[in-house]
Amino acid sequence: MNTCIRVQEADFDLSTEVAALRGDDACVGAVVSFVGLVRDTNLGDGVSSMFLEHYPGMTEKALEQIVTQAQQRWDILGARVVHRVGELAPGDQIVLVAVSSLHRGEAFAACEFIMDYLKTQAPFWKREDTPQGARWVDARESDDQAAQRWESK
Amino acid sequence: MSIRILYFAGLREKLGLNEESVSLPEGLGTLGELKAWLCANGREALAETPNLRFAVNQNMARETDPVLDGDEVAFFPPVTGG
């Protein structure tokens, strides 16, 4: 299994990541990727910048566990997770999840699963700067529900 | 019993503390009891954090999970990455 997990301040390039995920494996018939971006508004307020904090050590471990679970559930050939930390601006890329498989179904499902679990299990926290000052983003119940969907499947 | 405690995000800011090493009295068995002891010893912000989350040795944990000598315990608000 071609796995790569990175937590970094630097930006990433989608094409480069997908090329690395595919490698020279001609078995790969499908690649699904998700890229999360910083929005310029949240809860009705303008967001001028964002800071992403994480728990070094646990973050990588949590992401590895999530990818392992995806691998156990679906027949996938590879997975990459790149998550940025530190100062980010609206429009910046925050996260990449990319999964390869023989056929599209496994890659679509595993990519969504990894993203849903990342949202509720990986120790990252967002602080955003708005005209009213800096505030820590509250977790959304819809994210918990998205992750819970997989438990009954 | 001596453990290392880490705090993150809004909780870290409220406490003004990233981490600390604490010597605990005998008889503290679970994360919930550790939290109660810390609240009673100046870290009230732990009680004021809604849906407080726990990790022990870098794995998500529950209030009823045990705390052992030498553990790395982390307290933080619900995660918001992605």
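The sections below set out a description of the structure shown in this document. Nothing here was measured: the structure is a model prediction, and the numbers come from that model.

### Thoughts on the sheet that holds strand E5 (residues 49-54) of chain A
Across a sheet, strands are paired by hydrogen bonds formed along the backbone, either parallel or antiparallel in direction.
All names here are of chain A.
Okay, so step 1: Pairing within the open sheet is antiparallel, and its four strands lie in the order E7-E5-E9-E10. Both outer strands of the open sheet, strand E7 (86-88) and strand E10 (133-136), are each paired with one neighbouring strand and no more. Here the average twist between neighbouring strands, direction ignored, is 25 degrees.
Okay, so step 2: One ladder, built from six bridges, connects E5 with strand E9 (residues 124-130); its direction is antiparallel. Its bridge partner lying in E9, Phe51 is registered against Arg127.

### Considerations on the packing of aromatic side chains
Okay, so step 1: Scanning the entire structure with this criterion turns up 10 aromatic pairs over all chains.
Okay, so step 2: Centroid distance Phe54 of chain B to Phe75 of chain B: 5.7 Å. Interplanar angle 65 degrees. Geometry classified as edge-to-face. Highlighted residues: Phe54 of chain B in strand E3 (residues 53-56) and Phe75 of chain B in strand E5 (residues 72-76), separated in sequence by 21 residues.
Okay, so step 3: In this structure Phe54 of chain B comes out as buried when scored by relative accessible area, which is 6%.
Okay, so step 4: Here a set of aromatic residues connected by ring pairs shows up, and it is made of Tyr55 and Trp125 of chain A together with Phe8 and Phe76 of chain B.

### Describing the environment of Thr16 of chain A
Okay, so step 1: On the secondary structure map, Thr16 of chain A appears in helix H1 (residues 14-22).
Okay, so step 2: Polar contacts involving the side chain of Thr16 of chain A include one to the side chain of Asp13 of chain A, which spans 2.5 Å.

### Some remarks on the environment of Ile94 of chain A
Okay, so step 1: With respect to the helices and strands, the residue Ile94 of chain A is situated in strand E8 (residues 93-101).
Okay, so step 2: If near-sequence neighbours (up to four positions away) are discounted, Ile94 of chain A is found in contact with Phe12, Gly36, Leu37, Val38, Met50, Leu52, Val82, His83, Arg84, Leu88 and Lys126 of chain A together with Gly82 of chain B.

### Some words on the pattern of salt bridges
Okay, so step 1: Using the criterion set out here, one finds 13 salt bridges over all chains in the structure.
Okay, so step 2: With a closest N to O distance of 2.7 Å, Arg6 of chain A and Glu17 of chain A form a salt bridge. With Arg6 of chain A in strand E1 (residues 2-8) and Glu17 of chain A in helix H1, this pair connects stretches of sequence that are 11 residues apart.
Okay, so step 3: Note on Arg6 of chain A: relative accessible area 24%, which makes it partly exposed.
Okay, so step 4: The exposure class of Glu17 of chain A is buried, given its relative accessible area of 5%.
Okay, so step 5: Measuring nitrogen to oxygen at the nearest pair gives 2.9 Å for the salt bridge that ties Glu19 of chain B to Arg4 of chain B. Of this pair, Glu19 of chain B sits in strand E2 (residues 19-23) while Arg4 of chain B sits in strand E1 (residues 2-7); the two residues are 15 residues apart in sequence, bridging distant segments of the chain.

What counts and what doesn't
- Residues numbered from 1 in each chain as written.
- Chains lettered and ligands numbered in written order.
- Predicted model: local features only at pLDDT ≥ 70, side-chain atom pairs only at ≥ 80, totals over all residues.
- Heavy atoms only, no water.
- Pairing = 2+ DSSP bridges.
- Helix = DSSP H or I, 4+ residues; strand = E, 2+ residues; numbered from the N terminus.
- Axes fitted to C-alpha atoms, helices over the stretch in contact; angles between N-to-C directions.
- Phe/Tyr/Trp six-rings, centres within 6.5 Å; stacked < 30°, edge-to-face > 60°.
- Buried < 20%, exposed > 50% of the residue type's maximum accessible area, 1.4 Å probe, protein only.
- Polar contact = N/O pair within 3.5 Å; in protein donor to acceptor, adjacent residues only side chain to side chain.
- Contact = heavy atoms within 4.5 Å.
- Salt bridge = Lys/Arg side-chain N within 4 Å of Asp/Glu carboxyl O.

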